[in-house]
Amino acid sequence: MNDSVPDTKSSSPSETNGVDVIRDSISQHLKYSQAKSPRTATIMDYYNSIALTVRDRLVEKWIETQNRYFTKDPKRIYYLSMEYLVGRALSNYLVNLDFKKEVCRAIEKLGLELEEIEQSDIEAGLGNGGLGRLAACYMDSLATLGIPAGGYGMRYEYGIFYQKIIDGFQVETADNWLRKGYPWELPRPDYLYPIRFYGHVQHTSNKEGRGICHWVDSHDDVMAMAYDIPIPGYHNQTVNNLRLWSARSTREFDLGSFNEGDYVQAVTHKHESETLSKVLYPNDSNMQGKELRLKQEYFFVSASLQDILRRYKRNHSTFEQFPQKVAIQLNDTHPALAIPELIRLLMDREHRPWDEAWEITIKTFAYTNHTVLPEALEKWSVDLLQRVLPRHLEIIYHINQDFLNRVQVSHPGNNAMLEKVSIVEEKPVKSIRMSNLAIVGSHSVNGVAALHSDILKSRVFPEFNKLFPGRFINVTNGITQRLWLKSCNPALADLLNDTIGDKWVTDLSQMKKLRNFAEDENFQKRWRDVKMLNKIRLAKYIREDKALRMEINPNHLLDIQVKRIHEYKRQLLCLLHVIVLYNRFKENPNCDHVPRTVLFAGKAAPGYHMAKLIIKLITSVAKRVNQDGQTADKLRIVFIPNYSVNKAEGIIPGADLSEQISTAGMEASGTGNMKLALNGALTIGTLDGANVEIKNEVGEDNIFIFGLTAEQVDELKTRGYNPQGYYEQNGELKRAVGMIRDGYFSPDHPHLFQPLIDSLLVQGDRFMVLADFASYIKTQKEVEALFLQPNEWTRKSILNAAGMGLFSSDRAIRQYCEKIWNVHPLPK
Ligand SMILES: *Cc1c(COP(=O)(O)O)cnc(C)c1O
């Protein structure tokens, strides 16, 4: 808390990154940016001053990078995503800029501590879960690899809701993350684009007789204003840009009200247009079909494309080179309206003919599919599109007509195929299938794990795969080890640096060198010590957090399931196992049971009643079990509220066991599985998503695989799945289900969980919890047996981390570069 640490090396005042220079810069910002003196300054004032000091260093490289891109005019990659789950920024910036030590000392010289400042760091939760976090990891890798890339997204005023647990239930509160300002963003009021809605289309022709379209009588138009967030690469000269759009009202008045003289009404109406970027839709793996969401999607893609075209036109006078200079990646179908929007801009604004516009479009776009769940596939009713985006509907019809004509030529008389591939769905409600639009309008479609990409080709889009051979490819997801190891697990990072050097930070394949140490008892001990330290750190958090105040024992097997709450992810299966353990512990109190703490965290979509009921069940079982003196020292259940990137960083390094237990065929990839294994957790999982590849990399002896395969799930469904049969046959299952059903965990409300029971026993158990129960319980027994052999457990834990080389987002981005974008890093 004082300046007792003399700085010898880097305090030379001539260096911009010297400790004294940094301290002075913080003091300057405190005075001139915050208008505070040390006497009146709050922690937030210091946080802002430190952030601005760090940002100053970023800005230089940022300007330099953007100038270099302008001068050299390389092909640029634009990543379009409605979500970015970036988490806290300060520590990430300090790691990537190699600036942590200096800033830490400078802060100490001001009588503060970095940890205290980091508590004030604002978490940007502009995403729901895996898809948004993936976009953030990819931004980090693109900059680290020096790829001329930019992200586009939405600057929601309210990010993913804040989850409170009240009386065991999830209660949502608004995430007003901008209320104290956000020092990392730069408003760009000069980048402002008009976005139009509603109205209709008029067709005329020009002098040469070519048809032209006018989108007329639009109303409720808004402006999109840019906010930029710098994305620095790790220890390099690249700072890319993440541009987020915010809705602003136009300068025009609502003429109706204004002419009636109602000035106040007119201004109020202007204000309403700004609700467009107000809030992130909190649905994960579910599509709602709300008009406001459609408007958000269009607002986002139109602003992004207008910006991309403006930038292209600074260097080019024709569109001939557009696909050689621009690649656009669609993160799921949320931005798929970019396809008709690019055609519209090229035709109606740039006066290019259809054929040219179409050719440019298909060469420019590539689409990443993230789900095969039918309820998650986006569809928009034709009625709604006709009203909100009449010109785009016309263009979509044109795309579809041309496409279906080609299909009819290549597959004459195949009406079944036509029906399947059509962008338009006729029944039950005439709708536009956004996945079909994205597939037809892109030159490349990728799944996000090997299994998922195979399922896309064989089960979800087999007709498209036949029509477009080679268009469907796989790029398995990845995570950035800068955040998910170096930053969140410094103790493990130090041990790695000591053992295999520090190249793993930019080359995760180096992790395989750990295999040489897996049997080394000395190294095993150090590895175990690191894990224990992280478990103690997590226990401290759980003890001190106001919402928890619980004691957990770091010697327990720490069993972790953290992710969005969804029936397909099967938190219910994990919970049934907990109840089985509870019954076993009570039945045989003197047996040598493996003591276990089971930790859950995750948000449920606010309208998803089943998922919310699962949270209530978790907290109810926790309450009953944790207060049972007979089992208290052997079994604990914790639900950590408000799962977020920051919470994940705190939880994951402490995990012994990683629960990745989705119904096979339903989790596209998962990335939580990768984060946990990288931090030395052993996985218990189904052969689903990237678990399949994790198994291949770590070896089948080092992972606990159970349950039906995706193929067997299909087979069983075709044959006729009868969950009742499984229920009747298994005593432990029957008993656990019975306890939930009869109110053992909800004595004041015995029928509370009936809908969950009905979903299993009456509605057919869509996610096959009961079919996988026995296999899961048996495999958990194997987990216990291994945990009783600490050296064996540790050996496997080391081999898990050693096998994670493939799952770096750096590898994923390299594959996107080679297989899809045809770009190369731009050396400085
Ligand atoms: C990684 C991550 C996810 C995705 O987890 P899965 O287990 O892959 O579903 C969701 N939320 C947050 C905050 C994450 O960091």
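Predicted model only: the values in this text are computed from it and were never measured.

Things to note about the overall build of the chain
Link 1 in the chain: When helices and strands are counted, the chain shows 33 helices and 24 strands.
Link 2 in the chain: Its C-alpha atoms give the chain a radius of gyration of 28 Å, within 12% of the compact-globule value 28 Å for 828 residues.
Link 3 in the chain: In terms of principal-axis extent, the alpha carbons of the chain reach across some 95 × 75 × 60 Å.
Link 4 in the chain: Here the chain holds 828 residues, and the buried ones make up 61% of them.
Link 5 in the chain: Here the chain has roughly 32800 Å² of accessible surface; of this, 50% comes from carbon and sulfur atoms.
Link 6 in the chain: Mean positive and mean negative side-chain charge positions of the chain (102 and 101 charges, respectively) differ by 2 Å.

Examining the site of the ligand
Link 1 in the chain: Near the ligand, the surroundings consist of 14 residues, among which Lys-563, Lys-569, Thr-671, Gly-672 and Lys-675 are the closest.
Link 2 in the chain: Residue Thr-671 places a main-chain N or O atom 2.8 Å away from an oxygen atom belonging to the ligand.
Link 3 in the chain: Against a free-state accessible area of 390 Å², the protein chains account for coverage of 95% of the ligand.

Considering unusual backbone geometry
Link 1 in the chain: In this model, Lys-427 is joined to Pro-428 through a cis peptide bond whose omega is 0 degrees.
Link 2 in the chain: Position of Pro-428 relative to the elements: it lies in the loop between strand 15 (424-425) and strand 16 (431-433).
Link 3 in the chain: For Met-768, which is not glycine, the phi torsion reads 55 degrees and is therefore positive.
Link 4 in the chain: Take Met-768: it is sitting in the loop between helix 30 (754-761) and helix 31 (769-787).

Description of a positive patch on the surface
Link 1 in the chain: Judged by side-chain charge, Lys-503, Lys-512, Lys-513 and Arg-515 come together as a positively charged surface patch.
Link 2 in the chain: Here Lys-513 shows up in the loop between helix 20 (490-500) and helix 21 (521-544).
Link 3 in the chain: Relative accessible area serves as the criterion here: at 38%, Lys-513 is assigned to the partly exposed category.

Quick look at the pairing of strand 19 (residues 557-562)
Link 1 in the chain: Of all six residues making up strand 19, six are buried, and the element is well covered by its neighbours.
Link 2 in the chain: Here strand 19 shows two buried faces, one formed by Leu-557, Asp-559 and Gln-561 and the other by Leu-558, Ile-560 and Val-562.
Link 3 in the chain: Across six bridges, strand 19 lies against strand 20 (residues 596-601) in parallel orientation. By the bridge assignment for strand 20, Leu-557 is matched with Arg-596.
Link 4 in the chain: Handedness of the β-α-β unit built from strand 19, helix 22 (residues 571-587) and strand 20 comes out right-handed.
Link 5 in the chain: Where strand 19 and strand 22 (residues 657-660) come together, two bridges link them in parallel fashion. Each residue of the ladder has a partner; that of Ile-560, found in strand 22, is Ser-658.

With respect to the side chain of Arg-57
Link 1 in the chain: Counting through the fold element by element, Arg-57 comes out in helix 2 (residues 43-72).
Link 2 in the chain: For the buried residue Arg-57, which engages in no salt bridge, the nearest side chain bearing the opposite charge is Asp-56, 4.5 Å off.
Link 3 in the chain: In this structure the side chain of Arg-57 is engaged in a polar contact, spanning 3.3 Å, whose partner is the backbone oxygen of Thr-53.

Quick word on the pairing of strand 4 (residues 149-154)
For a regular strand, the rule is simple: side chains alternate between the two faces of the sheet.
Link 1 in the chain: Counting buried residues in strand 4 gives six out of six residues, a clear majority hidden from the surface.
Link 2 in the chain: Alternating positions in strand 4 separate into two faces, Ala-149, Gly-151 and Gly-153 on one and Gly-150, Tyr-152 and Met-154 on the other, with burial throughout.
Link 3 in the chain: Where strand 1 (residues 76-80) and strand 4 come together, four bridges link them in parallel fashion. Directly across from Tyr-78, in strand 4, lies its bridge partner Gly-150.

Notes on the packing of aromatic side chains
Link 1 in the chain: Enumeration over the complete set of coordinates arrives at 26 aromatic pairs.
Link 2 in the chain: Plain terms: the ring middles of Phe-319 and Phe-322 are 6.2 Å apart, the flat faces sit at 50 degrees to each other, and that makes the pair tilted.
Link 3 in the chain: Taken together, Phe-403, Phe-461, Phe-464, Phe-468 and Phe-472 form an aromatic cluster joined through their ring pairs.
Link 4 in the chain: Sitting over the face of the ring of Tyr-227, Arg-155 holds its NZ or CZ atom 3.6 Å from the ring centroid.

Some words on the confidence of the model for the chain
Link 1 in the chain: Residues of the chain with pLDDT of at least 70 account for 97%, and the chain-wide mean is 95.
Link 2 in the chain: Note that residues 1-14 has pLDDT below 50 and, in this model, 23 contacts with residues that lie over four places away or in other chains.

Notes on the UniProt feature "modified residue: N6-(pyridoxal phosphate)lysine" (unreviewed entry) in the chain
Link 1 in the chain: The UniProt entry lists Lys-675 under the feature "modified residue: N6-(pyridoxal phosphate)lysine" (unreviewed entry), expressed in the numbering used here.
Link 2 in the chain: With residues near it in sequence (within four places) discarded, Lys-675 still touches Arg-133, Ile-479, Trp-484 and Ile-652.

Re the nonpolar core
Link 1 in the chain: Membership of the largest hydrophobic core comes to 214 residues, with the highest contact counts inside it found for Val-54, Phe-197, Phe-299, Ile-399 and Trp-821.
Link 2 in the chain: With 11 residues, helix 22 is the largest single contributor of residues to this core.
Link 3 in the chain: If you look at the next biggest cluster of nonpolar residues, it comprises 57 residues, including Leu-495, Leu-496, Ala-690 and Leu-799.

Notes on the pattern of salt bridges
Two side chains with opposite charge may pair up if their charged atoms get near one another.
Link 1 in the chain: Going through the model one piece at a time under the given rule, you end up with 47 salt bridges.
Link 2 in the chain: Arg-352 is the partner of Glu-356 in a salt bridge, and the nearest nitrogen-oxygen pair spans 3.0 Å.
Link 3 in the chain: You can call Glu-356 partly exposed: its relative accessible area is 25%.
Link 4 in the chain: Among the residues examined, Arg-352 registers a relative accessible area of 30% and is labelled partly exposed.
Link 5 in the chain: One salt bridge in this structure joins Glu-519 and Arg-795, with 3.7 Å as the shortest N-O distance. Highlighted residues: Glu-519 in the loop between helix 20 and helix 21 and Arg-795 in helix 32 (residues 790-802), separated in sequence by 276 residues.
Link 6 in the chain: A relative accessible area of 57% means that Glu-519 is categorised as exposed.

Focus on the packing of helix 23 (residues 609-626) against helix 30
Link 1 in the chain: Where helix 23 contacts helix 30, the axes come no closer than 9 Å and their chain directions differ by 115 degrees. As far as their axial angle goes, helix 30 and helix 23 are roughly perpendicular. For helix 23 against helix 30, the interelement crossing comes out left-handed. Contacts from Met-610, Leu-613, Ile-614 and Leu-617 in helix 23 reach Pro-755, Leu-756 and Ser-759 in helix 30.
Link 2 in the chain: Here the residues of the contact of helix 23 with helix 30 are counted per class, giving six nonpolar, one polar and no charged.

Here we look at a nonpolar patch on the surface
Link 1 in the chain: A contiguous nonpolar patch, built from Tyr-263, Val-264 and Val-267 and spanning about 290 Å² of accessible area, is present on the exposed surface.
Link 2 in the chain: With respect to the helices, strands and loops of the structure, Val-264 is situated in helix 8 (residues 263-272).
Link 3 in the chain: Residue classification places Val-264 among the exposed residues on the basis of a relative accessible area of 56%.

Description of the packing of helix 6 (residues 130-144) against helix 33 (residues 809-821)
Link 1 in the chain: The N-to-C vectors of helix 6 and helix 33 enclose an angle of 75 degrees; their axes lie 9 Å apart at closest approach. Viewed along their axes, helix 6 and helix 33 adopt a mutual orientation that is roughly perpendicular. Every residue of helix 33 that contacts helix 6 at Cys-137, Tyr-138, Ser-141 and Leu-142 is listed here: Ser-809, Asp-810, Ala-812, Ile-813, Tyr-816 and Trp-821.
Link 2 in the chain: Looking at the contact of helix 6 with helix 33 residue by residue, the class counts come to seven nonpolar, two polar and one charged.

Quick word on the side chain of Glu-784
Link 1 in the chain: Among the structural elements, Glu-784 can be located in helix 31.
Link 2 in the chain: The class for Glu-784 is buried, based on a relative accessible area of 8%.
Link 3 in the chain: The residues contacting Glu-784, other than those within four sequence positions of it, are Leu-581, Val-594 and Arg-596.

The rules we used
- Residues numbered from 1 in each chain as written.
- Predicted model: local features only at pLDDT ≥ 70, side-chain atom pairs only at ≥ 80, totals over all residues.
- Heavy atoms only, no water.
- Helix = DSSP H or I, 4+ residues; strand = E, 2+ residues; numbered from the N terminus.
- Rg over C-alpha atoms; globule rule 2.2 N^0.38 Å.
- Buried < 20%, exposed > 50% of the residue type's maximum accessible area, 1.4 Å probe, protein only.
- Areas by Shrake-Rupley, 256 points an atom, 1.4 Å probe, with all protein chains shown as cover.
- Lys, Arg positive; Asp, Glu negative; His and termini not counted.
- Charge placed at Lys NZ, Arg CZ, Asp CG, Glu CD.
- Near = heavy atom within 4 Å.
- Polar contact = N/O pair within 3.5 Å; in protein donor to acceptor, adjacent residues only side chain to side chain.
- Patch = residues over 30% accessible without salt bridge, like charges linked within 9 Å, V, L, I, M, F, W, Y side chains within 5 Å.
- Salt bridge = Lys/Arg side-chain N within 4 Å of Asp/Glu carboxyl O.
- Pairing = 2+ DSSP bridges.
- Right-handed = clockwise from strand over helix to strand, strands pointing away.
- Phe/Tyr/Trp six-rings, centres within 6.5 Å; stacked < 30°, edge-to-face > 60°.
- Lys NZ or Arg CZ within 6 Å of the ring centre and 35° of its normal.
- pLDDT = per-residue confidence, 0-100.
- Contact = heavy atoms within 4.5 Å.
- UniProt positions renumbered as here; feature names shortened; annotations may be inferred.
- Core = buried A, V, L, I, M, F, W, Y, C linked by side-chain atoms within 4.5 Å.
- Axes fitted to C-alpha atoms, helices over the stretch in contact; angles between N-to-C directions.
- Parallel < 35°, antiparallel > 145°, perpendicular 65-115°, else oblique.
- Left-handed = near helix turned anticlockwise from the far one by under 90°.
- Nonpolar A, V, L, I, M, F, W, Y, C, P; charged D, E, K, R; others polar.

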